[in-house]
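Observations on the three-dimensional arrangement
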Amino acid sequence: MNNQAEFVKDLVTEHGTNRESLLPILQAVVEKDRFLSENAILKIAEETNIPAADVYGTASFYSFLDIVPRGKYVIRVCKTITCAMKGKNQILLALEDFLKIKLGDTTPDKLFTILETNCLGWCHKAPAMLVNDDVYTELTPNMVVDILSAYKAEADKE
Amino acid sequence: MTTKTKQLNRIDLIFKNENDCKEILQKSFDRSHEEIINEMVNSGLKGRGGAGFPTGLKWKLTAEETEKKKYVICNADEGEPGTFKDREILTRVPHKVLAGMAMCAKIIGAKEGYIYLRGEYKFLVPQLRDELKKFHKIMDELNLDFVVDIFLGSGAYICGEESALFESMEGKRGEPRNKPPYPTQCGYLNKPTVINNVETLAHSYTIMKYGAKKFRELGVKDSWGSKVFSVSGDTPIPGIYELELGMSVQDFVDDFGDGDTKAVQVGGASGFLVPRKRFAKSHIGYQGKLTGVSLPTGGSMMIFNSSRSMYNVLNNYLDFFEEESCGQCTPCRVGCQQLLKGIKAVKRGEKPAAYLDKLLKLTDTMRLTAKCGLGQSVANSFSSIVENFREEMIY
Ligand SMILES: Cc1cc2nc3c(=O)[nH]c(=O)nc-3n(C[C@H](O)[C@H](O)[C@H](O)COP(=O)(O)O)c2cc1C
Ligand code: SF4
């Protein structure tokens, strides 16, 4: 927890306490923790002097600023029309099958979360998904297995 | 009646390999602000983000504001389903976009600019930062006090709406503001702000370089120039194409369709569905005097062949709107939910087919009473799909 407090403090020193800094600060916490805990929100409010309710209210508006715990790797599968037409459901099934969890859930080892998201802007290379900030396009169920295996291997090394 | 329309014409301007931004800016800076604004106005360039507001006029109005602090913002939120051309422009020719921003800053008197980049494109940040380094060096050499930074979005389509975008940059929920006042008077931090789409800014560079007259050699009245289109769906050649404005949907389908095209969605989920029987009569451009329908567009062209269910398409769009509505005003928040529930009930036979007419009336109300473009434009796809493919909604 002390670590968290230090981290938030440093962020506020870097970005400043005005309201325009709020989103960048929230984004940096999510990048590290993959979600905004109650503690993080309170700490940000304290350090920036922005009411905690406003910090929460802002965070909860944005789909990438999660306020529930997520895995180390957050998978967001595009569900908008072209991806839906080009096999999004098979991709989702392959993910669920490989990770043994359902859409919206996080693996017990806290490594992966599967979510759906709106248009990622890769309709010409559908179906597409994000794993954290990395983009994967023209997916097939086989590719999904390879991609996730690589992330697993990366996590094992750490 | 003969009006001017255009054959489908592939253009190579935006992505053309040109590395003379410094020279072009230098030349433009030597001219008077009035001359540059006139050049922009005369070009007839209209915003490429969807709404099609005349860019020269936007710059002029902001230049006339006496407030000391002003901003230039590049809208790279690109969240409209089926749109991906802005990312390509920012990847391949970011220097042209930045040159457009610098020109605008010089004219209106802004010292700070921002690129509002959607969170989904975060992977672009390192290369954009490299580009910004080069750009700021050019600004130094040209003696222009103008700095551009990147502001990242966090996954909210509504933040592409200009006033929601300002709210978001100000650290708040991305909820659109009432208009007026417009951004030219009261934008980011309530200061006069020019906000332009990525592509609009890149076209500004082209106009500075080649002049308004050259720009108007392409396109048709009220829709001058070329436009970058994002082509997806049932096409053998999905991708990004720069095309001359004014073409008919028929010509587009002849080139891009798979031979079995049933309908084309022009302008993304907030745009219109054009069924086959209207291909020949519909043209791509801004409001004007073309025969038939003239369809403004942010450049999203989604092609559907006869294997696709239009019910599924509409269901997908409504699902999108229902999730992305900021929830601030009732017609949109409740309207989107009711439309989604309504078409499902009709499909399942729980409501009679005539219920669709009630839903159409609801979209009329939304068009009139919703606070921003999101809620107002749900009617576009809803009515164009339900009216043209009514039987698919029922059976
Ligand atoms: C719901 C909604 C979403 C929008 N999203 C975008 C967007 O992603 N990119 C964009 O350039 N304009 C978007 N716009 C239009 C902007 O509000 C604004 O008109 C545009 O950025 C102005 O630039 P332009 O005149 O160069 O097109 C959106 C509008 C609405 C109502
Ligand atoms: S129309 Fe929809 S998106 Fe726009 S302000 Fe109202 S609720 Fe928000």
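Further up the page is the structure itself.
Before going into details, it helps to say that this report is about the structure given with it. Along every chain, residues carry numbers that run from 1 in the direction the sequence is written. Lettering for chains starts from A, numbering for ligands starts from 1, and both go in the order in which the items are written. Owing to the predicted nature of the model, reporting of local features is limited to residues with pLDDT of at least 70; listing and counting of side-chain atom pairs is limited to 80 or more, with chain, interface and lining totals taken over all residues. Hydrogens and water are ignored here; the side-chain numbers use all heavy atoms of the structure.

**Focus: the interface of chain B and chain A**
Let me state the cut-off plainly: Here, two residues are considered to be in contact whenever any of their heavy atoms come within 4.5 Å of each other. Put simply, buried area is the surface a 1.4 Å probe can reach on two separate parts but cannot reach once they are joined, added for both. One speaks of a salt bridge when a side-chain nitrogen belonging to Lys or Arg is within 4 Å of a carboxyl oxygen belonging to Asp or Glu. Within 3.5 Å is the distance limit for a polar contact, defined as a pair of N or O atoms, with the added protein rule that one can donate a hydrogen and the other accept it, and that residues adjacent in sequence qualify only through two side-chain atoms.
Every contact between the two is made by 51 residues of chain B and, on the other side, 32 residues of chain A. Summed over both partners, the interface of chain B with chain A comes to about 3,100 Å²; 56% of that surface belongs to carbon and sulfur atoms. Counting across the interface, chain B meets chain A through four salt bridges. Measuring nitrogen to oxygen at the nearest pair gives 3.1 Å for the salt bridge that ties A:D133 to B:K122. Taken together, the connections running from chain B to chain A amount to 25 residue pairs in polar contact (both at pLDDT 80 or more).

**Notes on the site of ligand 1**
Residue and element names in this part refer to chain B. For the record, the criterion: Proximity criterion: a residue is near a molecule or strand once any of its heavy atoms comes within 4 Å of it. For helices the rule is a DSSP run of H or I covering at least 4 residues; for strands it is a run of E covering at least 2, with both sets numbered from the N terminus onward. Polar here means any residue other than Ala, Val, Leu, Ile, Met, Phe, Trp, Tyr, Cys and Pro, which are nonpolar, and Asp, Glu, Lys and Arg, which are charged; Gly is therefore polar.
Around ligand 1, 19 residues are found, and the nearest of them are G49, N75, N196, N197 and T200. Contact between ligand 1 and G49: an oxygen atom at 2.7 Å from a main-chain N or O atom of the residue. For ligand 1, an oxygen atom lies 2.9 Å from a polar atom in the side chain of N75. Elements represented by at least two residues in the shell around ligand 1 include exactly strand 4 (193-197) and helix 14 (373-388). It is strand 4 that provides the largest number of residues to the shell around ligand 1, a total of three residues. Of the residues belonging to the shell around ligand 1, the class tally is four nonpolar, nine polar and six charged.

**Examining the environment of B:I36**
Residue and element names in this part refer to chain B. Quick reminder of the rule: Relative accessible area decides the class of each residue, using a 1.4 Å probe on protein chains only: under 20% of the type maximum gives buried, over 50% gives exposed, and in between gives partly exposed.
Mapping I36 onto the fold places it in helix 2 (residues 33-43). For I36, a relative accessible area of 4% corresponds to the buried category. For I36, the contacting residues outside a window of four places in its chain are S28, R31, M103 and I107.

**Examining the site of ligand 2**
Residues and elements named next belong to chain B. Applied cut-off: In the cavity and pocket records, a cavity denotes points on a 1 Å grid over the protein atoms alone where a 1.4 Å probe fits but cannot get out, a pocket denotes an open set with protein on both sides within 12 Å along at least 5 of 7 lines, and lining residues are residues with an atom within 4 Å of a point. To qualify as sitting in a cavity or pocket, a molecule needs more than half of its atoms within 2 Å of the grid points.
By nearness alone, 13 residues border ligand 2, and C326, Q328, C329, C332 and C372 come closest of all. Among the detected pockets, ligand 2 sits in the largest cavity. Residues belonging to the shell around ligand 2 are distributed by class as follows: eight nonpolar, four polar and one charged.

**Some thoughts on helix 3 (residues 38-48) of chain A**
All names here are of chain A. For helix 3, the full list of buried residues reads A40, I41, K43, I44, A45, E47 and T48. Close packing links the buried residues of helix 3 with helix 1 (2-15), helix 2 (22-33) and helix 4 (52-59). One or two positions beyond helix 3, positive phi appears at N49, with a value near 65 degrees.

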